[in-house]
Amino acid sequence: MVGPLIMQFGTEAQKRRFLPRILSGDEVWCQGYSEPNAGSDLASLRSSAVDDGRGSFVVNGQKTWTTYGQYADWIFCLVRTDASGKKQQGISFLLVDMKTPGVTVKPMLTIGGTPAFCETFFEDVVVPKENLVGPLHGGWTVAKALLGHERTMIGGVGASLRALRRLKRIARETTRAGAPLLDDPMVAAKIARLEVRLRSLEMANYRTLAAAALGHAPGPESSILKIRGSEIQQDCFELAMEIMGHDALSWHDTAGAVPALETWVPSTYCYNRATTIYGGSNEIQKNIIAKLILGLS
Amino acid sequence: MHFSLSADQQLLKDSVASFVKRQSPITRARELRRDPLGYSRDTWATLGELGWLGLPFSEAQGGLGGSFVDLSIVLEELGAALVPEPLISSIVLAGHVVAELGTEAQRAEHLAPVVAGARTLALAHTERDGRYDPLWVSTTAARRGDSYALDGEKIFVLGGHDADDLVVVARTSGAPGELEGLTAFLAPRGAPGVPVSPLGPIDGRRAAHVTLRGASLPASARLGDEGAAGPVLSQALDRAAAAACAEGVGLTRAVLEMTTAYLCTREQFGVKIGSFQALQHRAVDMFIETELVKSASIRAAIALDAGDPVEAAWAVSLAKAQLGVGGKYVVQQAIQLHGGVGITDEHDVGLYFKRMHALMSSFGDEAHHVARVASSPRFTAGL
Ligand SMILES: Cc1cc2nc3c(=O)[nH]c(=O)nc-3n(C[C@H](O)[C@H](O)[C@H](O)COP(=O)(O)OP(=O)(O)OC[C@H]3O[C@@H](n4cnc5c(N)ncnc54)[C@H](O)[C@@H]3O)c2cc1C
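Definitions and cut-offs
Residues numbered from 1 in each chain as written. Chains lettered and ligands numbered in written order. Predicted model: local features only at pLDDT ≥ 70, side-chain atom pairs only at ≥ 80, totals over all residues. Heavy atoms only, no water. Helix = DSSP H or I, 4+ residues; strand = E, 2+ residues; numbered from the N terminus. Rg over C-alpha atoms; globule rule 2.2 N^0.38 Å. Buried < 20%, exposed > 50% of the residue type's maximum accessible area, 1.4 Å probe, protein only. Areas by Shrake-Rupley, 256 points an atom, 1.4 Å probe, with all protein chains shown as cover. Lys, Arg positive; Asp, Glu negative; His and termini not counted. Charge placed at Lys NZ, Arg CZ, Asp CG, Glu CD. Near = heavy atom within 4 Å. Polar contact = N/O pair within 3.5 Å; in protein donor to acceptor, adjacent residues only side chain to side chain. Nonpolar A, V, L, I, M, F, W, Y, C, P; charged D, E, K, R; others polar. Contact = heavy atoms within 4.5 Å. Buried area = accessible area lost by both parts, 1.4 Å probe. pLDDT = per-residue confidence, 0-100. Domains from an automatic or database assignment. Salt bridge = Lys/Arg side-chain N within 4 Å of Asp/Glu carboxyl O.

Student: Give a detailed account of the overall build of chain B, specifying residues and quantitative values.
Tutor: Within chain B one finds 12 helices and 10 strands. Against the 2.2 N^0.38 benchmark of 21 Å for 383 residues, chain B shows a C-alpha radius of gyration of 21 Å, consistent with a compact globule. Along the three orthogonal principal directions, the C-alpha set of chain B runs to about 80 × 55 × 40 Å. Relative to its 383 residues, chain B shows a buried fraction of 60%. Accessible surface for chain B amounts to roughly 14,500 Å². Of this, 57% is attributable to carbon and sulfur atoms. Mean positive and mean negative side-chain charge positions of chain B (34 and 43 charges, respectively) differ by 5 Å.

Below, the structure written as structure tokens:
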């Protein structure tokens with residue numbers, strides 16, 4: 001998410017400092033957009049960054065749902081640098097080292113039983129001005145450009161292709177009355193229907209990528225990938241749950257309780273209810289398509 | 001024809017609701033998820049004292065002679081707060097088998113204390129390869145003089161982690177899938193050759209896998225005639241499916257309430273999110289599914305009480321398939337409309353989501369019951 005942004009909006013110094021370590025995987029990033037009262041209405045965010053007159057910003061506020069904030073080295077944040085005008089104006093895009101004094105994270109459990117996200121608190125966190133990406137008060141444009149990349153990523157075609165393959169394996173290994181479930185035409189048809197939708201989405205994804213290769217940043221059409229891709233991810237795991245039957249109902253905390261291939265399914269099924277919520281909920285994506293592509297308003 | 005509750009039934013509903021409010025609010029279910037037992041023996045005793053555990057049994061069986069409709073009322077109210085006591089496993093499943101097949105002496109020893117809330121039962125019946133077919137039993141019971149030797153594997157025995165008695169189903173003759181040849185046995189907890197390995201289901205309840213390796217049970221542990229348990233087992237699973245629907249009605253009701261309340265408080269873009277038409281329509285669809293799940297569940301309970309087996313099987317499968325569609329829709333959309341907080345373990349909506357999934361997938365999932373609907377004589381009647 002943040003890599004392409006630094007490429008597009010960053011200074012030469014920022015590119016040299018951050019891009020190689022993103023590429024090598026030496027530094028892991030997390031995303032500090034959402035706040036308790038600024039989810040879908042992201043622009044109403046209140047975390048503030050105040051110029052201390054000595055070359056730094058002082059950041060105060062709270063971010064939430066920060067995915068893997070507890071493991072991240074850096075966070076890219078949207079902060080309010082001017083509260084006087086329209087709420088979209090006066091937002092800036094800031095890179096913050098998670099080790100800076102005053103940054104604390106509190107991991108939270110998800111319904112899948114994993115600590116996949118955090119609350120992130122900023123208390124008088126001093127951030128050098130050279131960590132500002134894009135113009136001061138001009139962070140909303142940067143933020144939106146990033147969301148295009150994020151939505152394309154969340155579409156998750158590759159992950160769904162893998163999930164579908166595992167789904168077929170599970171259906172082959174799960175038997176009823178001695179016969180693999182994959183041989184049951186009703187079961188096979190359910191999987192095939194998913195495959196049909198996924199293969200269309202795969203092609204839509206290639207079209208977005210091809211446009212990106214020609215230099216067009218993913219625009220509102222990335223919302224198509226986000227909406228259907230997130231639904232397909234959910235459906236893959238829902239169907240896996242169905243195929244596993246009783247075995248899908250235990251967390252598998254007992255060794256050997258179910259076939260090894262299937263142990264990750266229930267937790268992911270639960271957690272994946274988030275795919276239609278994060279990265280801008282699917283309702284918000286539909287509002288975007290209605291307005292920006294179909295011209296309805 | 002009317003579907004309103006009788007005065008007695010309304011009283012029952014109110015007393016269960018007031019019990020739940022005072023003694024088992026949702027916070028209790030949340031805490032007991034981490035408890036090795038998963039429920040409380042004291043609360044189980046209270047349910048017994050209140051008489052609710054005896055509802056589905058006739059007076060001759062040592063029960064209160066209530067109806068399945070009465071039991072459904074209790075299950076719905078308990079379900080609304082996710083009360084974790086093992087009613088379905090102890091009473092509806094295993095209890096039914098003991099009540100129908102047991103001798104008077106067996107009922108007095110093994111069912112009466114359950115009805116009183118002093119003991120629990122669990123049905124060790126499901127086998128992996130059988131999925132949801134109640135007759136798919138390959139576990140064998142071989143007669144050796146005065147005892148039977150049992151061999152086989154039972155999965156996902158609800159409440160099996162601590163039941164005082166297991167009702168174990170094995171084949172004394174015939175092949176998996178056949179109605180004839182199924183026999184049920186009582187096996188006390190800790191019986192040699194009946195090791196129980198506990199499972200942690202996603203809904204925070206407890207279950208177990210039970211392996212039978214040359215377990216020896218006395219002939220006196222047999223419930224009913226040899227090979228004749230099939231019909232009662234099918235019935236027990238239908239009753240459990242209907243019980244899951246009744247509980248599911250309580251879940252959908254609670255989740256709908258929780259969600260509409262959230263839509264009326266959460267603000268984004270300077271307005272209540274409940275003012276967005278897209279969300280209003282979603283809430284309406286949730287409401288409609290809640291009503292349909294309830295309607296189908298009532299039909300199943302009435303049919304079970306009426307006793308016509310074809311109508312009962314038909315109505316139960318209609319209801320369970322409806323739960324699989326509508327119940328799922330309600331809990332999934334409830335999370336969606338809560339946004340990020342709906343994904344946190346801290347929020348109750350996730351507890352309902354997981355319990356609903358367990359109810360949907362137990363005693364036959366949607367696909368199983370849809371297939372049963374299609375194969376019922378009612379499906380092709382009047383063509
Ligand atoms: C697992 C997970 C990981 C996440 N990771 C991150 C992260 O790393 N960094 C980060 O910054 N954020 C993250 N998020 C936050 C995510 O982006 C927000 O949850 C999301 O934007 C929704 O905001 P909200 O939770 O406040 O819900 P709300 O905005 O309160 O929405 C509640 C409901 O109202 C609907 N709604 C809101 N407005 C409208 C409208 N105008 N029209 C129709 N419906 C509407 C929503 O679609 C939703 O169904 C994560 C969320 C989850 C669940």
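Student: So what's going on with the site of the ligand? Which residues, and what values?
Tutor: Around the ligand sit 29 residues in total, of which Ser40(A), Trp65(A), Thr67(A), Ser281(A) and Arg266(B) are the nearest. With respect to the ligand, the chains having nearby residues are chains A and B. Within the side chain of Glu283(A), one N or O atom sits 2.7 Å away from an oxygen atom of the ligand. At a separation of 2.8 Å, an oxygen atom of the ligand approaches a polar backbone atom of Gln336(B). Taken by itself the ligand offers 960 Å² of open surface, and the protein chains cover 95% of this. Mapped onto the shell around the ligand, the elements with two or more residues apiece are strand E3 (56–67) and helix H8 (282–293) of chain A together with helix H9 (309–338) of chain B. In terms of residue class, the shell around the ligand is made up of 14 nonpolar, 13 polar and two charged.

Student: Break down the interface of chain B and chain A for me, citing the residues and quoting the values.
Tutor: Counting residues at the interface gives 41 residues for chain B and 48 residues for chain A. Around 3,700 Å² of area is buried between chain B and chain A when both sides are counted, 58% of it from carbon and sulfur atoms. Between chain B and chain A we count 24 residue pairs in polar contact (both at pLDDT 80 or more) in total. Of all the secondary structure elements, the ones that give two or more residues to the side of chain B that touches chain A are strand E3 (147–158), strand E6 (196–199), helix H8 (277–306), H9 and helix H10 (349–361) of chain B.

Student: I'd like a rundown of the side chain of Ser147(B), residues and numbers included.
Tutor: Mapped onto the elements of the fold, Ser147(B) is located in strand E3. For Ser147(B), a relative accessible area of 18% puts it in the buried group.

Student: Kindly report on the confidence of the model for chain B, identifying the contributing residues and their values.
Tutor: Close inspection of predicted coordinates is inappropriate in any region flagged by low pLDDT. Put simply, chain B has an average pLDDT of 96, and 100% of its residues get 70 or more. For this predicted complex, the interface confidence score (ipTM) comes to 0.95, while the overall pTM stands at 0.96.

Student: So what's going on with the domain arrangement of chain A? Residues and values would help.
Tutor: Residues and elements named next belong to chain A. When its domains are assigned, chain A resolves into domain 1 (12–137) and domain 2 (155–293). One C-alpha centre belongs to domain 1, the other to domain 2; they are set 30 Å apart. Each partner contributes to the interface: domain 1 provides six residues, whereas domain 2 provides seven residues. Taking both sides of the interface into account, the surface hidden between domain 1 and domain 2 amounts to around 490 Å²; carbon and sulfur atoms contribute 64%. It is Ser 40, Ile 111 and Gly 112 in domain 1 that bury the most area against domain 2; as a group they hold 69% of the surface buried on that side. At the boundary of domain 1 with domain 2, the tally comes to zero salt bridges. Viewed at the interface, domain 2 and domain 1 are joined by one residue pair in polar contact (both at pLDDT 80 or more). Each residue belonging to the side of domain 1 that touches domain 2 can be placed in one class, and the counts come to two nonpolar, four polar and no charged.

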